[in-house]
Amino acid sequence: MTLHRPSGTLADGSDPVSLTPIDAGWSYAGLRVVRVPAGTTRRLSTGASEAFVVPLAGSGTVRVDGLTFELRGRDSVFTRVTDFAYVPRDAEVELFSAHGLEAALPMARCGRRLTPKYGPAEAVPVEVRGAGRATRQVTNFGVPGVWDHADKLNACELITPDGNWSSYPPHKHDERSDCEVVNEEIYYFRIAGRDGITPSREGFGLHRTYTADGALEENVAVRDGDVFLVPRGYHGPCVASPGYPMYYLNVLAGPAAQRSMAFCDDPAHTWIRERWRDESADPRCPVTDHRGRCG
């Protein structure tokens, strides 16, 4: 399995990302990133997967099962928290945008067909996690306990200020244990350019995935639009290079009967959490909320 998929390698026509579970080489998690030109309508079929419709840039209208949801969206993933929509499996979805829309559709194969539902930005919790140079923003729009209207799909967004580390300490969720459940995971990266807002291929970040026995050891530079697949092993850190803030969308899904994002830290590095108790959070976090940038 090729874990790092650079921008363009998963493209489907004008759409930047089209990744099914079959493409990934696993059973549940998938991701599409679609573009809707101004004044046009896109029609998508969800097939055997449920999905969220998450605006990355722009705004639009979602029509599904006779319902209509207006998504205000945002100028960039680095400017505000967005509203979103949940769409079920076996659905025909129409996306319309008056001024243009780029949207991510994190997806998961599932058994139950639920009803469509709208998620307002104002109800999305924004969490500041970590401390010091490990401070980051976690936008918990599609996680258990916050959004329970899903069968298998879990999703959240992270923003890491430039120079900071996130997904740290390294953690895993590839077996059933006292602290973890099995989840496949997708990282979808956006890297801001010099203005800290506009995504650009100029900047870069770093990502690590590895196993304790050394059988898997991936240390890669990631750029705007890249995808990284985590089938097993510890993953983290994700490092934002100085000058280039990092965003990533996490998509998780697995076989558990109840949705969960439970994980186990790498025991070699979990001690770092104790140090955070005496260390201040980076004042740049939170970076955004539903009203806009916080800085």
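Below: a short report on this structure.

About the cut-offs
- Residues numbered from 1 in each chain as written.
- Predicted model: local features only at pLDDT ≥ 70, side-chain atom pairs only at ≥ 80, totals over all residues.
- Heavy atoms only, no water.
- Helix = DSSP H or I, 4+ residues; strand = E, 2+ residues; numbered from the N terminus.
- Rg over C-alpha atoms; globule rule 2.2 N^0.38 Å.
- Buried < 20%, exposed > 50% of the residue type's maximum accessible area, 1.4 Å probe, protein only.
- Contact = heavy atoms within 4.5 Å.
- Areas by Shrake-Rupley, 256 points an atom, 1.4 Å probe, with all protein chains shown as cover.
- Salt bridge = Lys/Arg side-chain N within 4 Å of Asp/Glu carboxyl O.
- Pairing = 2+ DSSP bridges.
- Disulfide = S-S within 2.5 Å.
- Phe/Tyr/Trp six-rings, centres within 6.5 Å; stacked < 30°, edge-to-face > 60°.
- Core = buried A, V, L, I, M, F, W, Y, C linked by side-chain atoms within 4.5 Å.
- Polar contact = N/O pair within 3.5 Å; in protein donor to acceptor, adjacent residues only side chain to side chain.

Considering the overall build of the protein chain
- Along the protein chain, the regular secondary structure elements total two helices and 22 strands.
- Since a compact globule built from 295 residues should have a radius of gyration of about 19 Å, the 18 Å found for the protein chain is in line with a globular shape.
- Projected onto its principal axes, the C-alpha positions of the protein chain cover 50 × 40 × 35 Å.
- Of all 295 residues assigned to the protein chain, the portion counted as buried reaches 57%.
- Residue pairs at least 24 apart in sequence account for 74% of intrachain contacts in the protein chain once pairs closer than 6 positions are excluded.
- When the accessible surface of the protein chain is totalled, it reaches about 12100 Å², and 50% of it is carbon and sulfur.

Focus on the pattern of salt bridges
- One pass over the full model with this rule turns up 24 salt bridges.
- A salt bridge links Arg 194 to Glu 202, with the nearest nitrogen and oxygen atoms 2.8 Å apart.
- In this structure Arg 194 comes out as exposed when scored by relative accessible area, which is 70%.
- Each member of the salt-bridge network shares a partner with another, and the members are Arg 35, Glu 102, Arg 190 and Asp 224.

Describing the sheet that holds strand 1 (residues 4-5)
- Ordered in space as 1-19-16-21-13-12-11, the seven strands form an open sheet in which the pairing is antiparallel. Lying at the two open borders of the sheet, with one neighbouring strand each, are strand 1 and strand 11 (126-129).
- Taken together, the four bridges between strand 11 and strand 12 (residues 136-142) define a ladder with antiparallel strand orientation. Among the inter-strand pairings, Val 128 is bridged to a residue of strand 12, identified as Gln 137.

Description of the state of the cysteines
- Under the defined criterion, the tally for this structure stands at one disulfide.
- There is a disulfide in this structure between Cys 179 and Cys 264, and the S-S distance comes to 1.6 Å. Between Cys 179 and Cys 264 the disulfide shows an S-S torsion of about 95 degrees. By sign, it is right-handed. Of this pair, Cys 179 sits in the loop between strand 15 (171-172) and strand 16 (184-191) while Cys 264 is found in strand 22 (residues 264-265), placing the two residues 85 residues apart along the sequence.
- Cys 156 supplies the cysteine sulfur nearest to Cys 238, a cysteine that is in no disulfide, at a spacing of 11 Å.

Considering the packing of aromatic side chains
- The full count for this structure, using the stated rule, is 13 aromatic pairs.
- With 6.1 Å between their ring centres and 75 degrees between their planes, Phe 52 and Trp 147 make a pair best called edge-to-face. On the criterion of sequence distance, the pair formed by Phe 52 in strand 5 (residues 49-64) and Trp 147 in the loop between strand 12 and strand 13 (154-160) is long-range, its members being 95 residues apart.
- Under the relative-accessibility criterion, Phe 52 is labelled buried at 0%.

Overview of the nonpolar core
- Counting 55 residues, the largest nonpolar core has Leu 31, Phe 52, Ile 186 and Val 227 as the members making the most contacts within it.
- Here the element with the most residues in this core is strand 21 (residues 246-253); it accounts for six residues.
- Discounting chain neighbours no more than four positions away, the residues touching Leu 31 are Val 17, Ser 18, Leu 19, Ala 104, Leu 105, Pro 106, Ile 186, Tyr 188, Val 227, Leu 249 and Val 251.
- The next biggest cluster of nonpolar side chains, apart from the first, holds 18 residues, and it includes Val 36, Ala 51, Phe 69 and Val 93.

Looking at the environment of Arg 74
- Mapped onto the secondary structure, Arg 74 falls in strand 6 (residues 67-74).
- Remark: the alpha-carbon pair of Arg 74 and Phe 84, spanning ten residues in sequence, is separated by 11 Å.
- In contact with Arg 74, other than residues within four places in its own chain, are Val 54, Pro 55, Leu 56, Ala 57, Gly 58, Thr 79, Arg 80, Val 81, Thr 82, Glu 157 and Tyr 247.
- Polar contacts involving the side chain of Arg 74 include one to the main-chain carbonyl oxygen of Pro 55, which spans 2.9 Å.
- Engagement of the side chain of Arg 74 in a polar contact is seen with the side chain of Glu 157, the distance being 2.6 Å.

A short note on unusual backbone geometry
- Pro 169 follows Tyr 168 through a cis peptide bond whose omega is 5 degrees.
- Note the cis peptide between Cys 285 and Pro 286, where omega equals 0 degrees.
- Here Pro 286 shows up in the segment after helix 2 (272-276).
- Even without glycine at this site, Asp 65 takes up a positive phi of about 50 degrees.
- Turning to its location among the elements, Asp 65 is positioned in the loop between strand 5 and strand 6.
- The backbone phi angle of Asp 90 is positive, close to 55 degrees, even though this residue is not glycine.
- By the secondary structure assignment, Asp 90 is in the loop between strand 7 (84-87) and strand 8 (92-97).
- The exposure class of Asp 90 is partly exposed, given its relative accessible area of 45%.

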